[in-house]
Amino acid sequence: MSKASIVREWTRPDGSKCVGGSEDNAKAPPGSLMLYNSLLDEKVPFVPASGPGSKSLSWYTCGPTVYDVSHMGHARNYVTFDIIRRVLEDYFGYNILYVMNVTDVDDKIILRARRNYLLAKYKEGKHTDAEVKAFAEKAVQNSFAKQSAKLAEAEALVVAAKEEQEAAAADKKGGLQRQLNELEGAIKNEAHKLSQIQTALSALGQAGDSATIYAVASDFVAEELDREQGKSVTDSSIFRAHAAKYEAEFTQDMDSLGVRRPDVLTRVSEYMDEIVDYVKKIVDNGMAYESNGSVYFDTTNFRACGHTYGKLKPWAVGSSALAAEGESNFETSEKRSNTDFALWKASKPGEPFWESPWGQGRPGWHIECSAMASTLIGSRMDIHTGGDDLRFPHHDNELAQAEAFYHNEGCHQWVNYFLHSGHLEIEGLKMSKSLKNFITIREALKSFSARQLRLLFVLQSWNKSMVYGEASRAEMKAREAQLKTFFQNIEVAVRGVDEITSCAKWQAEERDLSQKMQAVQNQVHEHLLDNLNTAAVMDTLSELIKSTNIYLSKKRESASAAAPAQPLLLRKVATYVTRMLSMFGIVDASWDKPGFADAAGGAGDAKGAGYLDAFAAFRDEVRSLARTKADPKETMTACDRVRDVALVELGVRLEDRPDGKAIWKLDDPAVIKAEQQERAKTASEAARKQMENALNLKQIAVPRDVVGST
C-alpha cells in the first residue's frame, strides 16, 4: 500500500467508524467536548473509553529524552498539556491517570554522554593551541562535508516530490502537498545547520588560543573525537550519570513553571524486562524478525495482518528526511523493508547494553513507550500526547507496536485521541537543539516570570505552531498588565467597605454588568468545549474586564452615595476571573481569593514588619522636620521619598489623585522600578530636547542681531 493511498480512519469509543474528511465526524450531542484528534486531523467529539457518562481517563504523555538542558520548545509542550490537563480535571471534572515516561536510554544520550566524556579527556591532555586548532578545523570541515551532502539530498527529495505531486491524481494531491511542504521545511532546517557550520569555520580562522577555539567548535571537536574513539568508552556509569543529571534539571524546570507532576513516572532503564517481553510477543505474533542480534518490526507483514501503518502522518512513511530527529539506523541492509524499524538493537562497542534472547543490546526508541504505557494502561488508552514532531516515526511506530502486541485481542486502535502540541518557532524555524536556535527554560525565567510564560501559551491555540517573537511577548505583557490593573482596581473599590451594610438597590449599571458576566460565562464554556480554546477564553475575559472598568469609571464619576459601586458584584466578577486563571495555572492561590497571589502581602509576616518599619521611619522624619520648623517643601520631599523608595521596595504602588487622596495598590517591586526608570528616561529625554530647542532658537537669533547692527 503506498503512503498516498492510506485512508485516514478513526473508530469512536462507541465502535462507529469515521473516515477522514467526512462531515459526520463532528456530529455530536449539544454540549459535547470537541478535541482535535491527530488520527484524523479533525475536531471530533470526546468520549471516554469507559463510556459517555464516565469521568475516568487514562493519559500517557511522552516525557523528555534526558540528554541536554530543557528549552522553551519543551516548555511549549509540557506547559500546554499541563493547561489542558488542568482544564479537563478542574473544569470538566475528569479523574485522570496521568503517566509520563523519562527516556534515559537512547542514542542521543549515548552520543552526548560519550562526546562530553571524550571532550573533557581531550581538554585534560597537553595539546598546544596549534594542535587544538588543527583538530578543530578537521572536525568542522568533516561536519561541513556531511551537512552539505544532507542539504543536497533534501533538495533532491523536494524536486522529486514536486514531480510526484504534479503528476498525481486529484485525490492524492492533498497528502503529497503536505509531504512537499514538510520537505521544503526540512531544507530550511538543513540550510540553517550548514550556515551555522560556515559561521563556525569563519570564526575558527580568527581564533588563536584554545579557549576561544573550544568556544567556537567544541561540539564539532566532540563529534570528531567520538568518531575516532567512541568505541573505547565502556563505563556504563558515564551514561547513567549523564541521564540522571538532565532528568533532575528537567524536573526542576517543570516545577519552576508550575507544571503538575505526573501520577506515574516511568524510566526506560527500570522497565527492561517488560520491554524484552513486549518485543518477544510481537515476534511470536509474526510481526517482527531477528537479524544479526537486532530485532526489527515487519511493516509488510503488519499490513498483511489487516493493520494500517502510518496513521498519523501517512505522507511521511518511508521518507528518512521526514523522520523525527534521533531515528538512527533508518537505512540498513539488515532490514527487509526501508519502512521497518528497530525494536531491539544489538550492542556495539561504546554503548550500554542489557541481556535479551537475541543477545546483548538495548531497546529501540519507539518500543519503550509502547511497552511502558501498555504495562500501566493496557490495550486501550484515552489520550496520548506529545510534540508535533513526534507524529512520525515515533508515535506512528508506537501505534503499530501496540496493535501488533495486542493483535490476538483484535486491537486496531490502541489510542482513542492523539493530541499534538504545535511547534514553537523562532525566526521562521522550529526551536530545537539540533538547530542550535533554542532558549533554555532557565534563561527565559531570567527575563520572564513563570506566570508570564504560561500566559504566553494560554494566549495561543494549543495544536498550532506559535512564534516566540516580540509580538507574542508584547501581547502577553499587555494581558498581564490588564489583569493586574483589573484586580488592583477591584481591590481599591472594595477596600474598607462593609459588603453588607453598603449594599444598595441595583441600578441599570449593575444589571448590565451582571448580564455581561452571565453571557461571558456561557461563552467561556462554549470556547472550552470547542477544542479547549484558551485563547478565545482569554479574549472573552478581557471583554468582561473592560465592562467592569467602565462600570467602575461611571461610579467614580457619579460619586453618588445612593448608588455606589456594589462590592458583592465586583467580588463576584473578580472571583470568576480568578477561577478561570487558576484553572489555567496562571494564579496559584485558591480561586475564591480574587487576584494574583503574589500581590497579596500580609501584615503578620516579615513583609508586614517591613510596612511598619517604613511607617516608623517616615514618622520619625516628619517629626524631625516639624521640630526644626523646616521648609514645607522638605516635608513634601519626604512624602515623595516614602512613595518612590520605601514603599516601592515593599511592592506598594502609591498613586496621588487630584482630590488630594492617594490610593495604594500592591505590585511587583521590579515592575514599579522599571516604570520609574522609564518615566525618568522620558523626562530626561524631554529636558534634553527642550534644551536643544532653546539653543537652536538662540543660535537663530544671533545672526539677526548681527544683521540688524550693520
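The model shown is predicted, which means the values in this text are computed figures rather than measured ones.

Some thoughts on the overall build of the chain
- Scanning the chain from N- to C-terminus turns up 19 helices and 18 strands.
- Referenced to the eigenvectors of the C-alpha coordinate spread, the extents of the chain come out at roughly 95 × 75 × 60 Å.
- Across the 710 residues in the chain, those meeting the buried criterion constitute 47%.
- The long-range share in the chain, meaning contacts at least 24 apart out of those at least 6 apart in sequence, stands at 74%.
- Taken as a whole, the chain presents about 33600 Å² of accessible surface, with 52% of it coming from carbon and sulfur.
- Averaging the locations of the 89 positively and 99 negatively charged side chains of the chain gives two centres separated by 4 Å.

Details of the packing of aromatic side chains
- On inspection of all chains with the given rule, the structure shows 18 aromatic pairs.
- Each ring, one from Phe-46 and one from Tyr-417, has its centre 4.7 Å from the other, and the planes form 55°; the classification is tilted. With Phe-46 in the loop between β4 (42-45) and β5 (56-61) and Tyr-417 in strand β13 (residues 415-421), this pair connects stretches of sequence that are 371 residues apart. For the pair Phe-46 and Tyr-417, a shared accessibility class is recorded, and that class is buried.
- Ring geometry for Phe-297 versus Phe-341: centroids 4.9 Å apart, planes at 15°, classification stacked. Taken together, the positions of Phe-297 in strand β9 (residues 294-297) and Phe-341 in strand β10 (residues 341-346) put the pair 44 residues apart, joining distant regions of the chain.
- Overall, the relative accessible area of 2% leaves Phe-341 in the buried class.
- Stacked on the ring of Tyr-214, the Lys or Arg Lys-123 has its end atom at 4.8 Å from the ring centre.
- Sitting over the face of the ring of Trp-664, Arg-495 holds its NZ or CZ atom 3.1 Å from the ring centroid.

Some remarks on the pairing of strand β6 (residues 95-102)
- The element β6 is extensively covered by neighbouring structure, given that six of its eight residues are classed as buried.
- Bridging between β5 and β6 involves six bridges; their strand directions are parallel. By the bridge assignment, Leu-57 is partnered in β6 with Ile-96.
- In this view, the connection linking β5 to its parallel neighbour β6 by way of helix α1 (residues 72-91) has right-handed handedness.
- Here β6 runs beside strand β7 (residues 264-267); their pairing, made up of four bridges, is parallel.

Considerations on the environment of Ala-535
- Summarising the element assignment, Ala-535 is placed in helix α15 (residues 534-558).
- Here the alpha-carbon distance between Ala-535 and Leu-568, two residues 33 residues apart in the chain, equals 28 Å.
- The contacts of Ala-535, once residues within four sequence positions are left out, are Val-458, Leu-459 and Gln-460.

Brief notes about the nonpolar core
- Counting 134 residues, the largest nonpolar core has Ile-282 and Phe-584 as its most contacted members.
- Per element, the largest residue contribution to this core is ten residues, and it comes from helix α16 (residues 567-584).
- Not counting the four nearest positions on each side in its chain, Phe-584 is found in contact with Ile-83, Arg-86, Val-87, Arg-454, Val-458, Leu-528, Thr-534, Val-537 and Met-538.
- Counting 24 residues, the second largest nonpolar core, distinct from the first, contains Tyr-122, Ala-200, Ala-207 and Ile-213.

Some details on the environment of Lys-430
- Along the polypeptide, Lys-430 turns up in strand β15 (residues 429-430).
- Overall, Lys-430 belongs to the buried group, its relative accessible area being 17%.
- Separated by 36 residues in sequence, Lys-430 and Met-466 place their C-alpha atoms 9.5 Å apart.

Some details on helix α10 (residues 391-405)
- Taking 1.5 Å of rise per residue, the 15 residues of α10 would be expected to cover 21 Å, and the 20 Å separating its terminal C-alpha atoms lies within 8% of that figure.
- Among the 15 residues that make up α10, 15 are buried, leaving the element largely enclosed by the rest of the structure.

Let's talk about the pattern of salt bridges
- According to the stated counting rule, one finds 48 salt bridges in the structure shown.
- Residues participating in the shared-partner salt-bridge network are Arg-85, Glu-89, Asp-90, Arg-260 and Asp-263.

Structural notes on the sheet that holds β6
- Taken in spatial order, the five strands line up as β7-β6-β5-β12-β13 in an open sheet, and their pairing is parallel. One side of each edge strand has no neighbouring strand; the edge strands of this open sheet are β7 and β13. Each strand of the sheet is rotated relative to its neighbour by a mean of 20°, with strand direction disregarded.
- With three bridges joining them, β5 and strand β12 (residues 381-387) adopt parallel strand pairing. Bridge pairing in β12 places Tyr-60 opposite His-384.

Looking at helix α6 (residues 236-256)
- The terminal C-alpha atoms of α6, which comprises 21 residues, lie 31 Å apart, in line with the 30 Å expected from a rise of 1.5 Å per residue.
- Restricting attention to buried positions, one finds in α6 the residues Ile-238, Phe-239, His-242, Ala-243, Tyr-246, Glu-247, Glu-249, Phe-250, Asp-253 and Met-254. One side of α6 holds all its buried residues, which, seen down the axis, span an arc of 165°.
- For α6, the secondary structure elements touched by its buried residues are α1, β6, α2 (107-124), β7 and α11 (441-447).
- Once α6 ends, the next one or two residues include Gly-258, with phi positive near 75°.

Concerning the sheet that holds strand β11 (residues 361-363)
- Across the sheet, which stays open at both edges, the four strands sit in the order β8-β9-β10-β11 with antiparallel pairing between neighbours. On the outer flanks of this sheet lie β8 (288-291) and β11, each paired with one strand and no other. For this sheet, the mean angle separating the axes of adjacent strands, direction not counted, is 20°.
- In the sheet, β8 pairs with β9 via four bridges, with the strands oriented antiparallel. Counterpart to Ser-291 in the pairing with β9 is Ser-294.

Here's the deal with the side chain of Ser-70
- Relative to the assigned elements, Ser-70 resides in the loop between β5 and α1.
- In this structure Ser-70 touches Phe-250, Asp-253, Thr-440 and Ile-441, once residues within four positions along its chain are discounted.

A short note on the confidence of the model for the chain
- When pLDDT is averaged along the chain, the result is 90; 93% of the residues meet or exceed 70.
- Taken together, the stretch residues 600-606 has pLDDT below 50 and engages in seven contacts with residues farther than four places along the chain or on a different chain.

Focus: the packing of helix α14 (residues 508-529) against α15
- Packing of α14 against α15 leaves a shortest axis separation of 9 Å and a crossing angle of 175°. By the criterion of interaxial angle, the relationship of α14 to α15 is roughly antiparallel. Contacts between α14 and α15 pair Glu-509, Glu-510, Leu-513, Lys-516, Met-517, Val-520, Gln-523, Val-524, His-527 and Leu-528 from the former with Ala-536, Val-537, Thr-540, Leu-541, Glu-543, Leu-544, Ser-547, Thr-548, Tyr-551, Lys-554 and Lys-555 from the latter.

A short note on the environment of Trp-344
- Among the secondary structure elements, Trp-344 is positioned in strand β10.
- Since its relative accessible area comes to 0%, Trp-344 is described here as buried.
- Residues Trp-344 and Pro-363, spaced 19 residues apart in sequence, show a C-alpha to C-alpha distance of 4.5 Å.
- Within polar-contact distance, the side chain of Trp-344 engages the side chain of Ser-356 at 3.2 Å.

What counts, and at which threshold
- Residues numbered from 1 in each chain as written.
- Predicted model: local features only at pLDDT ≥ 70, side-chain atom pairs only at ≥ 80, totals over all residues.
- Heavy atoms only, no water.
- Helix = DSSP H or I, 4+ residues; strand = E, 2+ residues; numbered from the N terminus.
- Buried < 20%, exposed > 50% of the residue type's maximum accessible area, 1.4 Å probe, protein only.
- Contact = heavy atoms within 4.5 Å.
- Areas by Shrake-Rupley, 256 points an atom, 1.4 Å probe, with all protein chains shown as cover.
- Lys, Arg positive; Asp, Glu negative; His and termini not counted.
- Charge placed at Lys NZ, Arg CZ, Asp CG, Glu CD.
- Phe/Tyr/Trp six-rings, centres within 6.5 Å; stacked < 30°, edge-to-face > 60°.
- Lys NZ or Arg CZ within 6 Å of the ring centre and 35° of its normal.
- Pairing = 2+ DSSP bridges.
- Right-handed = clockwise from strand over helix to strand, strands pointing away.
- Core = buried A, V, L, I, M, F, W, Y, C linked by side-chain atoms within 4.5 Å.
- Expected span 1.5 Å × (residues − 1).
- Salt bridge = Lys/Arg side-chain N within 4 Å of Asp/Glu carboxyl O.
- Axes fitted to C-alpha atoms, helices over the stretch in contact; angles between N-to-C directions.
- Arc of directions from axis to C-beta.
- pLDDT = per-residue confidence, 0-100.
- Parallel < 35°, antiparallel > 145°, perpendicular 65-115°, else oblique.
- Polar contact = N/O pair within 3.5 Å; in protein donor to acceptor, adjacent residues only side chain to side chain.

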